[in-house]
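Fold and geometry: a report
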Amino acid sequence: MKARRAVDEATERLATAGCDSPRVDAEILVSHVLGLSRSELALESSRKLSRAEEKALERLVARREAREPLAYVLGEWGFRRLTLGVDRRVLVPRSETEIVVERCLARIAGLAEPRVLDVGTGSGAIALAIADEHPRAHVTAVDASAGALEVAGANALRTGLAIELREWDLYMGLPAGPWDLVVSNPPYVLPEEIETLGAEVRDWEPRAALVGVGATEAVARGALDVLRPGGALVLEVAAGSSARVSRALDVLGYVDVTSTPDLAGRDRVVEGARSS
Ligand SMILES: C[S@@+](CC[C@H](N)C(=O)[O-])C[C@H]1O[C@@H](n2cnc3c(N)ncnc32)[C@H](O)[C@@H]1O
């Protein structure tokens, strides 16, 4: 079978399965099997797939057809300058979380060797991106999930970036500082919302990474005890909840509380500083 036909057939199957962007996904899967980029695939659409390539593609398309997230099917996903390994033990890093990293980097830009704590690190995306883009930062990353910490550890090895990983439950308070920055993308989906989410999220991503009531407030309270005076807290928040989280930070005594919108214009990052 030629690559062009493989893409057409996979597109049809993924569209029938209800995937959001069936052609893009099909092109990515065929490129992956052929070891090409998507633009190279466009130039090599007449290339014939070997039997082994056809079989490998069939396995991947069947997984995506079952609405498994494309990132898990590929086994890796891009986040800022990094390519991270991902599987069912961790949340797939999202584009809005790249803005969280941007805000963190702005907060620590002037510091020679900032001490950073990432709470609920999952794949290690935020912690590793900060270590990558502020090479003198000392980054500690914690998670309650041993499986997630294994993935984050593998990603530290894969990227060659040094971070410290610790198993930790954020409801016990946060690891002793003093930290210059505490960052978290905590679980913030309400239990009653989970059934309204797409199949990829609802049926495949770890519930413990998604669903959480009060985790955001617990991080904000805990951070006050471990941030140095003037240190910053940066939080990813659910769409529609930035006003509530900003108020909570005000009430806790954080100063200079601000929000940053994602590419769709929704406020998704809330930050503030511990008063000096
Ligand atoms: C929304 S995911 C964020 C993952 C990653 N930081 C990212 O942005 O892609 C939340 C993470 O918090 C972790 N988590 C959930 N409850 C926790 C708890 N009580 N203490 C520490 N980590 C927790 C989950 O295991 C998950 O990895």
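Starting from 1, residues in each chain are numbered consecutively following that chain's sequence as written. This being a predicted model, a pLDDT of at least 70 is required before a residue's local features are given, and a value of 80 or more before pairs of side-chain atoms are given or counted; all residues contribute to the totals for chains, interfaces and linings. Excluding hydrogens and water, the side-chain values take into account all heavy atoms of the structure.

1. Quick word on the overall build of the chain
- Only runs of H or I of at least four residues qualify as helices and only runs of E of at least two qualify as strands under DSSP, and these elements are numbered from the N terminus. Looking only at helices and strands, one finds 12 helices and 9 strands in the chain.
- Computation of the radius of gyration draws on C-alpha atoms alone. For the globule rule, the value is 2.2 Å times the number of residues to the power 0.38. Taken over C-alpha atoms, the radius of gyration comes to 20 Å for the chain, in line with the 19 Å a tight globule of 276 residues would show.
- The principal-axis extents of the C-alpha atoms in the chain amount to approximately 65 × 40 × 35 Å.
- Looking at the chain as a whole, 48% of its 276 residues are labelled buried.
- Residue pairs at least 24 apart in sequence account for 64% of intrachain contacts in the chain once pairs closer than 6 positions are excluded.
- Calculation of accessible area relied on Shrake-Rupley with a 1.4 Å probe; when residues are assessed, cover is drawn exclusively from the protein chains displayed. As presented, the chain carries roughly 12700 Å² of accessible surface, and 52% of it is formed by carbon and sulfur atoms.
- Positive charge is attributed to Lys and Arg, negative charge to Asp and Glu, and no charge count is given to His or to the chain ends. The location of each charge is read from NZ of Lys, CZ of Arg, CG of Asp or CD of Glu. The distance from the centre of the 34 positive side-chain charges to the centre of the 42 negative ones in the chain is 3 Å. Burial classes follow relative accessibility: with a 1.4 Å probe on protein chains only, a residue under 20% of its type's maximum area counts as buried, one over 50% as exposed, and anything between as partly exposed. Residue contacts are defined here by distance: any two heavy atoms, one from each residue, within 4.5 Å place the two residues in contact.

2. Digging into the pairing of strand 3 (residues 115–119)
- Burial analysis of strand 3 places 4 of its 5 residues in the buried class, the great majority of the element.
- At least two bridges found by DSSP between two strands are what make those strands a pair. Pairing of strand 3 with strand 4 (residues 138–143), which is carried by 5 bridges, proceeds in the parallel orientation. By the bridge assignment for strand 4, Val119 is matched with Val142.
- Remark: the strand 3/helix 7 (residues 125–133)/strand 4 crossover connection has right-handed handedness.
- The pairing of strand 3 with strand 6 (residues 179–184) spans 4 bridges and is classified as parallel. Among the inter-strand pairings, Asp118 is bridged to a residue of strand 6, identified as Val183. With the strands pointing away from the viewer, any crossover whose connection runs clockwise from the first strand over the helix to the second is right-handed.

3. Concerning helix 12 (residues 242–252)
- Buried within helix 12 we find Ser242, Val245, Ser246 and Leu249. Projection of helix 12 onto a plane perpendicular to its axis shows the buried side chains occupying an angular sector of 100 degrees, all on one side. Opposite the packed face of helix 12, turned more than 90 degrees from it, sit the exposed residues Arg247 and Val251.
- Those residues of helix 12 hidden inside the fold are in contact with helix 11 (215–226), strand 7 (227–236), strand 8 (255–261) and strand 9 (267–273).
- Two residues or fewer after helix 12 comes Gly253, characterised by a positive phi angle close to 105 degrees. By construction, the arc corresponds to the directions joining the helix axis to the C-beta atoms.

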